[in-house]
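Each chain is listed here by its residues.
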Amino acid sequence: MSSTTDPKGIQRPTAQTTAGGEDRQDAMRRYRIQFIAWCIGLIVFIITCFIVHGHPKPYPIDLTMTHAIQGFQLPAFITALLIFPSTLNDPLPSEIALGTWLTFMLVMALIFKLRGKSPLTWLQSVVFLVVTVMSSAGLNVLADDLVGRPRPNPKTDHIHVAGAIVPFPTYPSGHTEHDIAYYGFLLYLSFLRPVREWRYRWFLLPLQIYAVYDILVIGYSRILEGDHWFTDVLGGYLEGAVYLFFFIFLYRWVTSMLAKRRAAKEGHPVDNKKATLQVQ
């Protein structure tokens, strides 16, 4: 029996297994559960948008959380660490960081090409990272405008706002949503099979740790700086998760289609009726 893995490390999908080597029936069950959970998350997010639109003023928990977080007396270096994710998320630093990641992925694609390996996974990652970041940002702006919740105001809400009041609506938190979609997708890419099999994958470990740190801290950072309410942050986490998993599903579907097309060209067609998304 011939191997289902070619010399370039790409596994041929079959009627029984995905291109990631998983049992296809088990994968289908997981995908159904994930899809149901995603639909529930989307519905809950839409409902919260209507609720906040109807009651745009801060809720008691918003004021309580802001007063509590801003009331902590922390060392200056701890405070700097906590607000760093917000600073990195400002337009210019964010564009530089994204450009750095895209450059890295394109260089890796070139290296793979020069070594006679397929650069498709790296190129696909570049496209999807850009689409994820840009699309989620655009959808967040749309949601903000439709909800129309005003920013926290130190004159009326008796809180501290670190910088000037931004003239944009505040629900859901754009910084929070962006970091969930952006760093979440980078984390997903970093655990795909081609990266796991990369000789120097340990180089990504500090970046993976920072991605987790940023996701966990960004919400706290936004409240600490007074730019968002607690409910804004919760909405940003939910919105970011909805977008993140949508683009992960889309990435899996596209990858599965490309793998089946390649298998067909090599004379190993896959039963399309039994085909499903792949997990690498």
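Residues numbered from 1 in each chain as written. Predicted model: local features only at pLDDT ≥ 70, side-chain atom pairs only at ≥ 80, totals over all residues. Heavy atoms only, no water.

A. Highlighting the layout of surface pockets. Put simply, the largest pocket is a space of about 890 Å³. Breaking the lining of the largest pocket down by element, the ones donating at least two residues are helix H3 (76–88), helix H4 (91–114), helix H5 (120–147) and helix H7 (174–190). Here the lining of the largest pocket gets seven residues from one element, more than from any other, and that element is H5. Here the residues of the lining of the largest pocket sort into 12 nonpolar, 10 polar and nine charged. (1 Å grid on protein atoms, 1.4 Å probe; cavity = no way out; pocket = protein on both sides within 12 Å on 5 of 7 lines; lining within 4 Å. Points joined across faces, edges and corners; volume = space filled by probe spheres on them. Helix = DSSP H or I, 4+ residues; strand = E, 2+ residues; numbered from the N terminus. Nonpolar A, V, L, I, M, F, W, Y, C, P; charged D, E, K, R; others polar.)

B. Representation of empty space enclosed by the protein in the model. Summed over all chains, the structure comprises two cavities of 30 Å³ or more. In this structure, the second largest cavity occupies an estimated 40 Å³ of space. Counting only elements with at least two residues in the lining of the second largest cavity, the list comes to H3, H4 and H7. Per-element tally for the lining of the second largest cavity: the top contributor is H7, with four residues. Residue composition of the lining of the second largest cavity, by class: five nonpolar, three polar and two charged.

C. View of the side chain of Arg 151. Examined against the element boundaries, Arg 151 turns out to sit in the loop between H5 and helix H6 (154–157). One buried charged residue, Arg 151, forms no salt bridge at all, with the nearest opposite charge on Asp 227 at 4.6 Å. In terms of polar contacts, Arg 151 uses its side chain to reach the side chain of His 228, at 3.4 Å. Residues in contact with Arg 151, not counting those within four places in the same chain, are Ile 165, Val 166, Phe 168, Pro 169, Thr 170, Arg 222, Asp 227 and His 228. (Buried < 20%, exposed > 50% of the residue type's maximum accessible area, 1.4 Å probe, protein only. Lys, Arg positive; Asp, Glu negative; His and termini not counted. Salt bridge = Lys/Arg side-chain N within 4 Å of Asp/Glu carboxyl O. Polar contact = N/O pair within 3.5 Å; in protein donor to acceptor, adjacent residues only side chain to side chain. Contact = heavy atoms within 4.5 Å.)

D. Inspection of a nonpolar patch on the surface at higher detail. Together, Phe 35, Ile 36, Ile 40 and Val 44 line one region of the surface with nonpolar side chains, adding up to about 380 Å² of accessible area. Within the secondary structure layout, Ile 40 lies in helix H1 (residues 24–54). (Patch = residues over 30% accessible without salt bridge, like charges linked within 9 Å, V, L, I, M, F, W, Y side chains within 5 Å. Areas by Shrake-Rupley, 256 points an atom, 1.4 Å probe, with all protein chains shown as cover.)

E. Structural detail: the UniProt feature "transmembrane region" (unreviewed entry) in the protein. According to UniProt, the positions carrying the feature "transmembrane region" (unreviewed entry) are residues 35–53, 65–84, 96–116, 122–143, 202–223 and 235–254. Secondary structure across residues 65–84 comprises 80% helix and 0% strand; the distance between its end C-alpha atoms is 20 Å. Its end C-alpha atoms 34 Å apart, residues 202–223 is made of 86% helix and 0% strand. (UniProt positions renumbered as here; feature names shortened; annotations may be inferred.)

F. Broad picture of the packing of aromatic side chains. Per the stated rule, a full pass over the model turns up 14 aromatic pairs. Residues Phe 84 and Tyr 210 carry aromatic rings whose centres are separated by 6.2 Å and whose planes lie at 75° to one another, so their mutual orientation is edge-to-face. Of this pair, Phe 84 sits in helix H3 while Tyr 210 sits in helix H9 (residues 205–224), and the two are 126 residues apart along the sequence. Overall, the relative accessible area of 40% leaves Phe 84 in the partly exposed class. Residues Phe 185 and Tyr 251 carry aromatic rings whose centres are separated by 6.0 Å and whose planes lie at 80° to one another, so their mutual orientation is edge-to-face. Separated by 66 residues along the polypeptide, Phe 185 in helix H7 and Tyr 251 in helix H10 (residues 230–265) bring together distant segments of the chain. (Phe/Tyr/Trp six-rings, centres within 6.5 Å; stacked < 30°, edge-to-face > 60°.)

G. Inspection of the packing of H5 against H7 at higher detail. As a packed pair, H5 and H7 sit with axes 9 Å apart at the nearest point and diverge in direction by 165°. The orientation of H5 relative to H7 falls into the category roughly antiparallel. Here the hand of the crossing between H5 and H7 comes out right-handed. Each of Ser 125, Phe 128, Leu 129, Thr 132, Val 133, Ser 136, Ala 137 and Asn 140 in H5 lies in contact with H7, whose residues at this interface are Gly 174, Glu 177, His 178, Ala 181, Tyr 182, Phe 185, Leu 186 and Leu 189. A class-by-class count of the residues in the contact of H5 with H7 yields nine nonpolar, six polar and one charged. (Axes fitted to C-alpha atoms, helices over the stretch in contact; angles between N-to-C directions. Parallel < 35°, antiparallel > 145°, perpendicular 65-115°, else oblique. Left-handed = near helix turned anticlockwise from the far one by under 90°.)

H. Summary view of the pattern of salt bridges. Here the structure, examined in full by the defined rule, presents four salt bridges. One salt bridge connects Asp 62 with Arg 149, and the closest N-O pair in it is separated by 3.0 Å. Of this pair, Asp 62 sits in helix H2 (residues 60–71) while Arg 149 is found in the loop between H5 and H6, placing the two residues 87 residues apart along the sequence. Each member of the pair, Asp 62 together with Arg 149, is buried. Between Arg 149 and Asp 232 there is a salt bridge whose closest N-O contact spans 2.7 Å. With Arg 149 in the loop between H5 and H6 and Asp 232 in helix H10, this residue pair connects regions lying 83 residues apart in the sequence. On the accessibility criterion, Asp 232 (0% relative accessible area) is buried.

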